[in-house]
Every structure is written in structure tokens, then in C-alpha cells.
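Chain residues, written in single-letter form:
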Amino acid sequence: MAPANRALQLASSSRKKSSNKKTTVARQSGAMSAHPLLHTQGLLECYRAMLRIRTLDERMMTLQRQGRIGFYGACTGQEAACIGSAYALRANDWVFPALREGGAMLLRGFALVPYIAQVFGNSGDITKGRQMPSHQAAASVHQVSWSSVIGTQLSQAVGAAWAAKLKKDDTVVMAYLGDGATSSNDFHVAMNFAGVFKAPVVFVCQNNHWSISVPTDHQTASESIAIKAVAYGLPGVKVDGNDVSAVYAAVAAAVERARRGQGATLVELETYRMGAHSSSDDPSRYRDPAEVEAWKKKDPVERLRSRLFALNAWNSAQDKALQAELLEEVNTAIKEAESLPPPSIATLFEDVYQGEPWHLKEQRAELLESIKRHGR
Ligand SMILES: Cc1ncc(C[n+]2csc(CCOP(=O)(O)OP(=O)(O)O)c2C)c(N)n1
Ligand SMILES: [Mg+2]
């Protein structure tokens, strides 16, 4: 076997207990050597964050079916991949998400009410109702918007990482992508640039086996997504994305490698989109229900719960109490977010220019006068 793709076993605390899956690294010079572990406190924090987004996603999908919001994209089934990877970041690092990493913002301290208000697109939304629902972004937690134009976030992320390197600060950029994004131009541009210039970026691919209705085996003929890193001179690592410890170990090692100035890594997290692509999709049209049932047995939230029980770090009474607490928190936040008025009309004219030019001043005055006279 060529040295470039020789499999390397990584230590993963949970793999030994709960999975026979091998963690493999497509080896390249400078591959990761440290494998940080999540200890009990970290596991409990990740569990809480994972259960919180599971609770939120369930409630928001219901709201969409009730016609109270227009669109929602859930990350159900991918909570370990989202939270375990974001948990490896520092506050000064930046996140360029793909489609399912809103939970990273919440983990990193963004409040639930403005997060939900974004889906309503009302005055509680810090992006002033200008984005598609579920495309949250907040500079306060260093996270840009979901990237609905698949793959475009990757070259932007590499640019941000390259800027950090030029400025000699130690920021690391996390560039998330789905398996579908590996077929985009931007994936190749970003990987190549990151390889040549040793940009401090970590590409985290959530391989959830589907790109809307296209299965991964129609997406690529490569033996894995991680192996693609070799072509760009980067290490690529593939881990069980439903095992939060394995996710954290691989991503934290890649983050530290980037911070040490050794450049980018591609981490493939093998996981599964348990629900629909979005609230606009019906996966029963193209997906075998037996496949979904098989993956439900590997549910990352249930898996971490069982592990915490086995470690005697958590029990069913605590779990019931946490579920009730999170449901109450989410319901209260939904109630508050939904009650907020729409963004004011005047905000239409804000944020494009540093100082408002005369023609916008005139247009704003004309519109406000017309609303006063005729109503909306
Ligand atoms: C450039 C581009 N092509 C196609 C689409 C339509 N589209 C939206 S989401 C999606 C699938 C993305 O799949 P993947 O990258 O695996 O992410 P996942 O939805 O599985 O998280 C596609 C093809 C798009 N938004 N942008
Ligand atoms: Mg996918």
C-alpha cells in the first residue's frame, strides 16, 4: 500500500467501547500526532448541546408543518458531528458552515431567541430578515451564514484563514462541507490553495450519505472523501461521525495542527441525515426506509446517552429532567421570538453604504410618507 493512503489507527476512547469502526487516516507528511480526548465533563457538555439542537429541530419542523415558519433545515442525526467538531474551537476561531451547523453558533454562546427569530425573519433577527430562514450568522460568535450555494464557503474560509496567517494571529478557520460539496469547483480551489499556502483551515466534511436525493456512491468513485486530501498534499482523516469522542479527537488534532502553522487537514465525518434534506423535501420518494431504520440504531444522541449511563456519569432521572428543561427553554424562546414584530421598513435602507447617499435618503422619506398616507 502506498504511504500516502496507508491506514493508521487512531485511539478513540469511545471506539473501544461502542464501535468496531476503524478510524483511518490517509497519511501525508506532518499528519496529526496528538489525539485529544473528551473527558466526562466535556462529554456531558456535548450531550447537553446535542440534545438541545435535537429538541429545537423537532419543534421547528413542527412549526413549519403548522405553517408558522416557511422553511427549516434540521441536523437530526448529525449532532455528534456538528457539536464534537465545534467543541474543538476557541472563541477567536471562525466557522464557515455548510447547511447544518447552526448548532455550532448555539454551542459557542449565541442566544436562542435571536437564533429562532432569524427563522421568522422578524425584528429579533440580527440579520434583519434579509436571509433565507435557517441561515443564521453572527459576528459575535465568529460564524458566517449557512452556504446554500454549495461549496462557495470553502474558498471564502481559506481566504479568511490565509488573512489570519498574514496577520500572524493564531485564528483557525473551520470550513464545513457536505459530501455533495466535494463535486463543486470551490472544493478543489480551496483544497489546493490551502495545501500550497498552508492556510490554517480545517475542512470538516459531514458525509451524511445523501446530497438531497443523490447518494454518496453517485457523488464520487473515490474510496472515501478523506482520501481526496492526498491529491492536494494534505492529511485526510475519516472517522465515525456519530461518535462524539472520535469526532472531537480528530478535529481537535487538526485544529491544533493548523494552529501550529502546519496547515490544513480534511476530516471526513461519516454520519447520516436521519430526516429530510429540508422541510421542502420528501425523502420517502428516493430513500429506502430500511436504510433509515439501520442508521436510527446508530443515533448519536442515544449513543452518547448510553455511554454516559455506562460511565455512571448520568442517569435516567437526570436525563428526563434535562429533556423537560430543554423543551421548556425551546418553547419559551419560540414564544418570545414569534411575538416580535417584523423588521421596521426603514431598515431596508441600512447597511449598504457607510453614509446614506442623497438618493436613498429621498427614497426612504418618500416610502415612509407614502406608508403614512396609505398604510402598508
Ligand atoms: C452550487 C449549487 N448547486 C446545487 C444546489 C442545490 N442544492 C442545495 S443543497 C444540495 C445538496 C447538498 O448536499 P451536501 O453537500 O451533501 O449537504 P447536505 O445537504 O447533505 O448536508 C444541492 C445540490 C445549490 N444550492 N448550489
Ligand atoms: Mg450530504
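Residues numbered from 1 in each chain as written. Chains lettered and ligands numbered in written order. Predicted model: local features only at pLDDT ≥ 70, side-chain atom pairs only at ≥ 80, totals over all residues.

K.L.:
Go over the site of ligand 1 with me, naming the residues and quoting the values.
P.N.:
Taken together, 16 residues are adjacent to ligand 1, and I150, G178, G180, A181 and S211 come closest. Class assignment of the residues belonging to the shell around ligand 1 gives a composition of seven nonpolar, six polar and three charged. (Near = placed C-beta within 6 Å. Nonpolar A, V, L, I, M, F, W, Y, C, P; charged D, E, K, R; others polar.)

K.L.:
Describe the nonpolar core, with residues and values.
P.N.:
If you look at the biggest cluster of nonpolar residues, it comprises 88 residues, and the most contacted ones within it are V173, A175, V201, V202, F203, V251 and V267. Here this core takes 12 residues from helix α9 (residues 244–259), the largest share from any one element. When neighbours within four sequence positions are excluded, V267 is seen to be in contact with V202, F203, V204, C205, V237, V239, A250, V251 and A254. (Core = buried A, V, L, I, M, F, W, Y, C linked by C-beta atoms within 7 Å. Buried ≥ 20, exposed ≤ 12 C-beta atoms within 10 Å, placed from the backbone. Helix = DSSP H or I, 4+ residues; strand = E, 2+ residues; numbered from the N terminus. Contact = placed C-beta atoms within 7 Å.)

K.L.:
Hey, could you go over the domain arrangement of the chain for me, with residue numbers and the actual values?
P.N.:
Often, the extent of an interface is quoted as the loss of accessible area on bringing the components together. Domain boundaries in the chain define domain 1 (3–343) and domain 2 (345–376). A C-alpha centroid distance of 39 Å is found between domain 1 and domain 2. (Domains from an automatic or database assignment.)

K.L.:
Could you give an account of the environment of K335, naming the residues involved and the relevant values?
P.N.:
Secondary-structure assignment places K335 in helix α12 (residues 316–338). The exposed category is assigned to K335, around which 11 C-beta atoms lie within 10 Å. Each C-alpha atom of the pair K335 and I116 lies 9.8 Å from the other, and the pair is 219 residues apart in sequence.

K.L.:
Please set out the pairing of strand β8 (residues 265–270) residue by residue, giving values where relevant.
P.N.:
Burial runs high along β8: six of the six residues are buried. Neither face of β8 is left uncovered, since the one carrying T265, V267 and L269 and the one carrying L266, E268 and E270 both have all their residues buried. Here six bridges tie strand β4 (residues 201–207) to β8, and the two strands are oriented parallel to one another. Its bridge partner being in β8, C205 is matched across the sheet by E268. Where strand β7 (residues 236–240) lies against β8, five bridges are found, and the strand directions are parallel. Note on β8: the bridge partner recorded for D240 is E270. In this fold, the crossover linking β7 to β8 by way of α9 has right-handed handedness. (Pairing = 2+ DSSP bridges. Right-handed = clockwise from strand over helix to strand, strands pointing away.)

K.L.:
Explain the confidence of the model for the chain to me, and be specific about the residues and the numbers.
P.N.:
Low-pLDDT portions of the prediction should not be read for the details of their coordinates. In this model, the chain carries a mean pLDDT of 91, and residues with pLDDT of at least 70 account for 90%. Within the model, pLDDT remains below 50 along residues 1–23, and this stretch shows 51 contacts once partners closer than five positions in the same chain are excluded. Counting interchain partners and residues more than four positions distant, the pLDDT-below-50 stretch residues 25–34 has 35 contacts. (pLDDT = per-residue confidence, 0-100.)

K.L.:
I'd like a rundown of unusual backbone geometry, residues and numbers included.
P.N.:
Here K168, not a glycine, exhibits a phi torsion of approximately 60°, which is positive. The topology assignment puts K168 in the loop between α6 (152–166) and β3 (173–178). Positive phi, close to 60°, is recorded for N312, a residue that is not glycine. Structurally, the position occupied by N312 is in the loop between α11 (300–310) and α12.

K.L.:
Can you break down the packing of α6 against helix α7 (residues 185–197) residue by residue, with the values?
P.N.:
Where α6 contacts α7, the two axes come as close as 7 Å, and the packing angle between them is 20°. One way to sum up the angle between α6 and α7 is to call them roughly parallel. Crossing geometry of α6 relative to α7 is assigned as left-handed. Mapping the contact onto sequence places T152, L154, S155, A157, V158 and W162 in α6 and D186, F187, V189, A190, F193, A194 and F197 in α7. (Axes fitted to C-alpha atoms, helices over the stretch in contact; angles between N-to-C directions. Parallel < 35°, antiparallel > 145°, perpendicular 65-115°, else oblique. Left-handed = near helix turned anticlockwise from the far one by under 90°.)

K.L.:
Break down α9 for me, with residues and values.
P.N.:
Because each turn of an α-helix spans 3.6 residues, side chains separated by three or four positions in sequence point in the same direction. With 16 residues, α9 should reach 22 Å at 1.5 Å per residue; the first-to-last C-alpha distance of 22 Å fits that figure. The positive-phi residue at the C-terminal boundary of α9 is G261, with phi of around 90°. (Expected span 1.5 Å × (residues − 1).)

K.L.:
Describe the packing of helix α2 (residues 40–65) against α12, and please don't skip the residues or the numbers.
P.N.:
Between α2 and α12, the least distance of the axes is 9 Å, while the angle of their chain directions is 45°. Between α2 and α12, the angle falls in the class oblique. Relative to α12, α2 is oriented so that their crossing is right-handed. Here R48, L51, R52, T55, L56, R59 and L63 of α2 come into contact with α12, specifically with L322, Q323, L326, L327, V330, N331 and I334. Of the residues in the contact of α2 with α12, the class split is eight nonpolar, three polar and three charged.

K.L.:
Explain the pairing of β3 residue by residue, including any values.
P.N.:
Each regular strand shows side chains that alternate between the opposite faces of the sheet. In terms of residue burial, β3 counts as a mostly covered element, since six of its six residues are buried. In β3, alternate side chains face the same way, and those of V173, A175 and L177 on one face and M174, Y176 and G178 on the other are all buried. Judged from the six bridges that link them, β3 and β4 form a sheet pairing that is parallel. Within β4, the position partnered with Y176 by the bridge is V204.

K.L.:
If you had to explain the environment of A337 to someone new, which residues and values would you point to?
P.N.:
Inspection of the secondary structure puts A337 in helix α12. A tally of 21 C-beta atoms within 10 Å means that A337 is categorised as buried. Dropping the residues within four chain positions of it, A337 is found in contact with V113, I116, A117, F120 and G124.

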